[in-house]
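So you can see what is in the structure, the chains are spelled out below.
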Amino acid sequence: MTDELPPPEGEPTGPGPSGRTWGKAFGADLLARLYETSLEPGYAAATERRRREGPQRPALRRLGKAGTAAMALLFGVLVAVTYRHALAAEPESHRTHDQLVGEVKSQRAQTDRLQRRADRLRQQVSDQRDRALSLGGSDEVARLHALEASDGLVKVRGPGMTVTLSDAPTPKDPVTGKENAENLGRVLDVDIQDVVNELWRDGAEAVAVDGQRLGATSTIRTAGEAILVDFRPVTSPYTITVIGSEQMRDRFTASATAARYEGFVQRYQMGFRMQRSSQLTLAAAADQQLRYAHPVPSGGSASPSASGHGGGR
Amino acid sequence: MIALIALAVGVFVGFVLEPTVPTGLQAYLPIAVVAALDAVTGGVRAWLRKEFNDKQFVISFVSNVLVAALIVYLGDKLGVGAQLSTGVVVVLGMRIFANVAAIRQTLFKA
């Protein structure tokens, strides 16, 4: 690189021949001085000396080069070691947390992908079966579809209502402004269970919580802070969509459960809203794996045997 | 050029060989790095002005690192370690900033 800078005239090098000294006017223009002056006057002094005395001896120069290289090496090691220590000092729990979050995210994405694939395959299977059945020319197809719809195995559409439950805002301590740990208006799993059970009782034909269709073996339960529907987490606001007749909607609106939650709205600021819809679409429920129940061969009795352990929900 | 290669080798050595630092010295590593960075930027600034001098660089590097570590060590002994290291970092940071500003001015004329 060519040095196009003029010799340092406008840039006094500290307490040099320019007559300016450190210490004078050390107040307001300290920063300006920092920028103006060379911070290491030794470099300029050394150059000056070399100009006067001629070049150094080769042995001395080699030694100097080696020293510089050694310092650069030391600097590199220092930076690397410090970086590694800073990494190690990062709290272990923080790293574990990040790792777990990543794992959960990737697993959830995979579950979604598999779920979509299962849905697609199920659709294919039922299409094929419908075709095969219709070749036989019977009304089996219609009967099958009705059974499937009531079982939650297919997507259904119809009039119904949406019930929304949501957590009350976290109460704040009026003095400290801190969030109060105990929130009485938080929606619990039993609240969702109550509402869903009331809906079934009132004649609901299909129910979904946050888009998760409920089947015969569906569960709604709490795990830690989260509410799981069929092992999938749902979050506030909890939207319960339900398909059913006009009477079902009337019965639910007039039910004791609805009245109780209206009371919770007044008392704990819990969110509870009911909205009627003329057209709702509910997704199919996840496939129910029957592990112990086996279909009775045709010709057998359809009624539950007396010795059977009561199934049910 | 040799210095740049040495720097790369140093980083490589630091990462690959994982040299262990005595526990007592670990607290001074960040301060030492900041002090060394000051010496390095000062050296680069001088090099750009064709004023670089090996002896000056070695002395400024070693003394910077040692003095910075010593100040923090003293502060630790006196119970004002955190405040003193903040002070050292502020001063060295200002010097690094000034050096980099001068380097920038030499390189880009702006």
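Residues numbered from 1 in each chain as written. Chains lettered and ligands numbered in written order. Predicted model: local features only at pLDDT ≥ 70, side-chain atom pairs only at ≥ 80, totals over all residues. Heavy atoms only, no water.

### Brief notes about helix H1 (residues 2-16) of chain B
Move 1: A rise of 1.5 Å per residue sets the reference length of H1(B), with its 15 residues, at 21 Å; its end C-alpha atoms lie 21 Å apart and thus fit the reference within 8%.
Move 2: Those residues of H1(B) that fall on the buried side of the exposure criterion are B:Ala6, B:Gly10 and B:Gly14. The arc that holds the buried residues of H1(B), viewed along the axis, is 70°, so those residues lie on one side. Away from its buried face by more than 90 degrees, H1(B) exposes B:Leu4 and B:Phe12.
Move 3: Elements in contact with the buried residues of H1(B): helix H3 (58-89) of chain A.
Move 4: One or two positions beyond H1(B), positive phi appears at B:Glu18, with a value near 45°. (Helix = DSSP H or I, 4+ residues; strand = E, 2+ residues; numbered from the N terminus. Expected span 1.5 Å × (residues − 1). Buried < 20%, exposed > 50% of the residue type's maximum accessible area, 1.4 Å probe, protein only. Arc of directions from axis to C-beta. Contact = heavy atoms within 4.5 Å.)

### Some words on the pairing of strand E2 (residues 206-209) of chain A
Regular strands place their side chains on alternate faces of the sheet.
All names here are of chain A.
Move 1: Across the two faces of E2 the burial is the same, with Ala206 and Ala208 and Val207 and Val209 all buried.
Move 2: Both E2 and strand E7 (residues 238-243) contribute to a ladder of four bridges, which runs antiparallel. Directly across from alanine 208, in E7, lies its bridge partner threonine 241.
Move 3: Taken together, the two bridges between E2 and strand E3 (residues 212-213) define a ladder with antiparallel strand orientation. Within E3, the residue paired with valine 209 across the bridge is glutamine 212.
Move 4: Linking E2 back to E3 in an antiparallel pair, the connection comprises two residues, with aspartate 210 at a positive phi of about 50°. (Pairing = 2+ DSSP bridges.)

### Some details on the sheet that holds strand E5 (residues 226-229) of chain A
Residue and element names in this part refer to chain A.
Move 1: Pairing is antiparallel across the open sheet formed by three strands, whose spatial order is E4-E5-E6. At either end of the open sheet lies a strand with only one pairing partner, and these are strand E4 (220-223) and strand E6 (232-234). Taking each pair of neighbouring strands and ignoring which way they run, the sheet shows an average axis angle of 45°.
Move 2: Across four bridges, E4 lies against E5 in antiparallel orientation. The partner of arginine 221 across the bridge, within E5, is leucine 228. (Axes fitted to C-alpha atoms, helices over the stretch in contact; angles between N-to-C directions.)

### Details of the packing of aromatic side chains
Move 1: Scanning all chains against the criterion turns up nine aromatic pairs over all chains.
Move 2: Relative to B:Phe61, the ring of A:Phe75 lies with its centre 6.4 Å away and its plane at 90°, an arrangement referred to as edge-to-face. Pair noted here: A:Phe75 is in helix H3 and B:Phe61 is in helix H4 (residues 54-78), and the two residues belong to different chains.
Move 3: What makes B:Phe61 buried here is its relative accessible area of 1%.
Move 4: Note on B:Phe57 and B:Phe61: the rings are 6.0 Å apart at their centroids and 50° apart in plane angle, and the pair reads as tilted. Residue B:Phe57 and its partner B:Phe61 are located together in helix H4, separated by four residues, close to a single helical turn.
Move 5: Three or more aromatic residues joined by ring pairs make a cluster, and in this case those are A:Tyr43, A:Phe75, B:Phe52, B:Phe57 and B:Phe61. (Phe/Tyr/Trp six-rings, centres within 6.5 Å; stacked < 30°, edge-to-face > 60°.)

### Brief notes about the environment of A:Arg249
Residue and element names in this part refer to chain A.
Move 1: Here arginine 249 is to be found in helix H7 (residues 246-254).
Move 2: For arginine 249, a relative accessible area of 7% corresponds to the buried category.
Move 3: Sequence separation between arginine 249 and aspartate 202 is 47 residues; the distance between their C-alpha atoms is 7.8 Å.
Move 4: Contact partners of arginine 249, with chain neighbours within four places excluded, come to Pro159, Gly160, Met161, Gly244, Arg276 and Ser277.
Move 5: Among the polar contacts listed, one links the side chain of arginine 249 to the backbone oxygen of serine 277, at a separation of 3.5 Å. (Polar contact = N/O pair within 3.5 Å; in protein donor to acceptor, adjacent residues only side chain to side chain.)

### Regarding the interface of chain A and chain B
Move 1: Every contact between the two is made by 40 residues of chain A and, on the other side, 47 residues of chain B.
Move 2: Seen at the junction of chain A and chain B, the total is zero salt bridges.
Move 3: One can count five residue pairs in polar contact (both at pLDDT 80 or more) joining chain A with chain B.
Move 4: Breaking the side of chain A that touches chain B down by element, the ones donating at least two residues are helix H1 (30-36), helix H2 (41-53) and H3 of chain A.
Move 5: Counting residues per element, the side of chain A that touches chain B draws most heavily on H3(A), which supplies 21 residues.
Move 6: Residue classes in the side of chain A that touches chain B are distributed as 22 nonpolar, 10 polar and eight charged. (Salt bridge = Lys/Arg side-chain N within 4 Å of Asp/Glu carboxyl O. Nonpolar A, V, L, I, M, F, W, Y, C, P; charged D, E, K, R; others polar.)

### Section: unusual backbone geometry
Residues and elements named next belong to chain A.
Move 1: With an omega of -5°, the peptide bond between serine 236 and proline 237 qualifies as cis.
Move 2: By secondary structure assignment, the location of proline 237 is in the loop between E6 and E7.
Move 3: Although it is not a glycine, phenylalanine 231 adopts a positive phi angle of roughly 70°.
Move 4: Considering the arrangement of structural elements, one finds phenylalanine 231 in the loop between E5 and E6.
Move 5: Classification of phenylalanine 231 by relative accessible area gives exposed; the value is 61%.

### Structural notes on the pattern of salt bridges
Residues and elements named next belong to chain A.
Move 1: Enumeration over the complete set of coordinates arrives at 10 salt bridges over all chains.
Move 2: The partner of aspartate 112 in a salt bridge is arginine 232, with the nearest N and O atoms 2.7 Å apart. Taken as a pair, aspartate 112 in helix H4 (residues 92-136) and arginine 232 in strand E6 lie far apart in primary sequence, 120 residues in all.
Move 3: Glutamate 246 is the salt-bridge partner of arginine 276, the closest N and O atoms lying 2.7 Å from each other. Of this pair, arginine 276 sits in strand E8 (residues 271-282) while glutamate 246 is found in helix H7, placing the two residues 30 residues apart along the sequence.
Move 4: Residue classification places glutamate 246 among the partly exposed residues on the basis of a relative accessible area of 41%.
Move 5: A single network of salt bridges, built from pairs that share partners, joins Glu246, Arg249, Asp250 and Arg276.

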